[in-house]
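# A look at the structure
The residues making up each chain are set out below.
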Amino acid sequence: MLAAAAALLGLALGPRLARATVRLARRGPAVSRRRVVVTAAGVAAALAGAAATTGTRPALVGVLWVAGAAVVLAGVDLAVHRLPDVVTGPAVGVLLVAFVVDAAVEGGWSDLGRAAAAAGIAFGVAALARLAAPSGLGFGDVKLLGLLGLLLGWRGWDVLVLGVFLGLLVGAVVSLVLLASRRAGWRTAIPFGPPLLVGAAAAWAVAGPL
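So, a few notes on the structure that sits alongside this text.

Conventions we followed
- Residues numbered from 1 in each chain as written.
- Predicted model: local features only at pLDDT ≥ 70, side-chain atom pairs only at ≥ 80, totals over all residues.
- Heavy atoms only, no water.
- Helix = DSSP H or I, 4+ residues; strand = E, 2+ residues; numbered from the N terminus.
- Buried < 20%, exposed > 50% of the residue type's maximum accessible area, 1.4 Å probe, protein only.
- Axes fitted to C-alpha atoms, helices over the stretch in contact; angles between N-to-C directions.
- Parallel < 35°, antiparallel > 145°, perpendicular 65-115°, else oblique.
- Left-handed = near helix turned anticlockwise from the far one by under 90°.
- Contact = heavy atoms within 4.5 Å.

## Focus on unusual backbone geometry
- One non-glycine residue, His-81, lies in positive phi territory at about 55°.
- Note on placement: His-81 falls in the loop between α3 (59–80) and α4 (85–106).
- A residue is classified by how much of its surface remains accessible, and His-81, at 40% relative accessible area, is partly exposed.

So this is what it looks like as structure tokens:
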């Protein structure tokens, strides 16, 4: 019932988030019907999955917010290779507040501490990787990894490691497919945000319901 309600919410938010994606990608005011349908379907699936695994607890508000933000971030990154702070920043803030409230209600202070530590480590390692190889990760990817560290770290260190691994794996497979099909070259910039988000979603799903 909760997942169905979340899916309906996603369908209702689809047109609004589709317009936000186009606006953030600076592709003009026109929003195609196809983009609305794809965005609505993506948000509905993301919100339904988040609700089904999180359940009725305060953390659900933050997880739903991140699920919706993930669809927008993926759409913008695919269009213009950019992960806007105006989406990532509020997602971090809402998720953190939701986790704090959840810890106060459910008593999961250790989960909150682990999530904060995971966010800091994920952000720090990604920032160092960017300094070592600026052509690899963009700073938007670094911030996204901080957000995903907070989200997945709340479930456990193993979930975080699995999410990052799956994100890297998806990114590598996509790159090889594009190279093999000659749709990209060795120097072609490929957005890294969507594979990271897919990996995070898969790891969250594999972790199962709370």
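## Side note on the packing of helix α7 (residues 157–180) against helix α8 (residues 193–207)
- With their axes 7 Å apart at the nearest point, α7 and α8 run at an angle of 140° to one another. As judged from the angle between their axes, α7 and α8 are oblique. The hand of the α7/α8 crossing is right-handed. Taking contact as the criterion, the partners of Val-159, Leu-162, Gly-163, Leu-166, Gly-167, Val-170 and Gly-171 in α7 are, on α8, Pro-195, Leu-196, Val-198, Gly-199, Ala-200, Ala-202, Ala-203, Trp-204, Val-206 and Ala-207.

Bear in mind that shape data such as this cannot, by itself, settle questions of function.
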